[in-house]
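Examining the three-dimensional arrangement
Given next are the chains, with one letter for each unit.
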Amino acid sequence: MSMAVAGLLAGMALGFAGYFGGFGAFILVAALGAIGFVAGRFLDGDLEAGEFFRQRGGYRDRRR
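Scope of this entry: the structure provided in the associated data block. (Residues numbered from 1 in each chain as written. Predicted model: local features only at pLDDT ≥ 70, side-chain atom pairs only at ≥ 80, totals over all residues. Heavy atoms only, no water.)

**What to know about the packing of aromatic side chains**
Keep this limit in mind: Side-chain rings of Phe, Tyr and Trp (the six-membered ring for Trp) are treated as a pair once their centres are within 6.5 Å; stacked means planes under 30 degrees apart, edge-to-face means over 60, and tilted covers the remaining angles. Secondary structure elements follow DSSP: runs of H or I no shorter than four residues count as helices, runs of E no shorter than two count as strands, and numbering proceeds from the N terminus. Between buried and exposed lies partly exposed: a residue is buried under 20% and exposed over 50% of the maximum accessible area for its type, with that area taken using a 1.4 Å probe on protein chains only.
In this structure the tally under the stated criterion is three aromatic pairs. With a centroid separation of 6.0 Å and an interplanar angle of 10°, the aromatic rings of phenylalanine 16 and phenylalanine 20 are classed as stacked. Of this pair, phenylalanine 16 and phenylalanine 20 both sit in helix H1 (residues 3-21), four residues apart, roughly one helical turn. On the accessibility criterion, phenylalanine 20 (63% relative accessible area) is exposed. Seen from their ring centres, phenylalanine 23 and phenylalanine 26 are 6.2 Å apart, and the 25° between their planes marks the pair as stacked. On the criterion of helical spacing, the pair formed by phenylalanine 23 and phenylalanine 26 is a turn pair, its members being three residues apart in helix H2 (residues 23-44). Following the ring pairs from residue to residue traces out a cluster consisting of Phe16, Tyr19 and Phe20.

Any functional reading would require information beyond the geometric quantities listed.
Next comes the structure, spelled out in structure tokens:
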């Protein structure tokens with residue numbers, strides 16, 4: 001499935017949630033979609049758990 005089709009499906013799901021369930025349902029569907037996206041990337045091997053906790057390269061505390 002292409003990213004355009006995935007985006008279309010996600011937009012339609014958010015639209016239906018917002019229309020039928022209100023703003024709270026819209027936010028819930030958006031948050032669960034984001035969590036599912038990150039979990040899917042993690043399971044595909046595109047993300048590693050250490051990437052969320054690593055410091056950015058090149059930054060050091062210069063006060064020492």
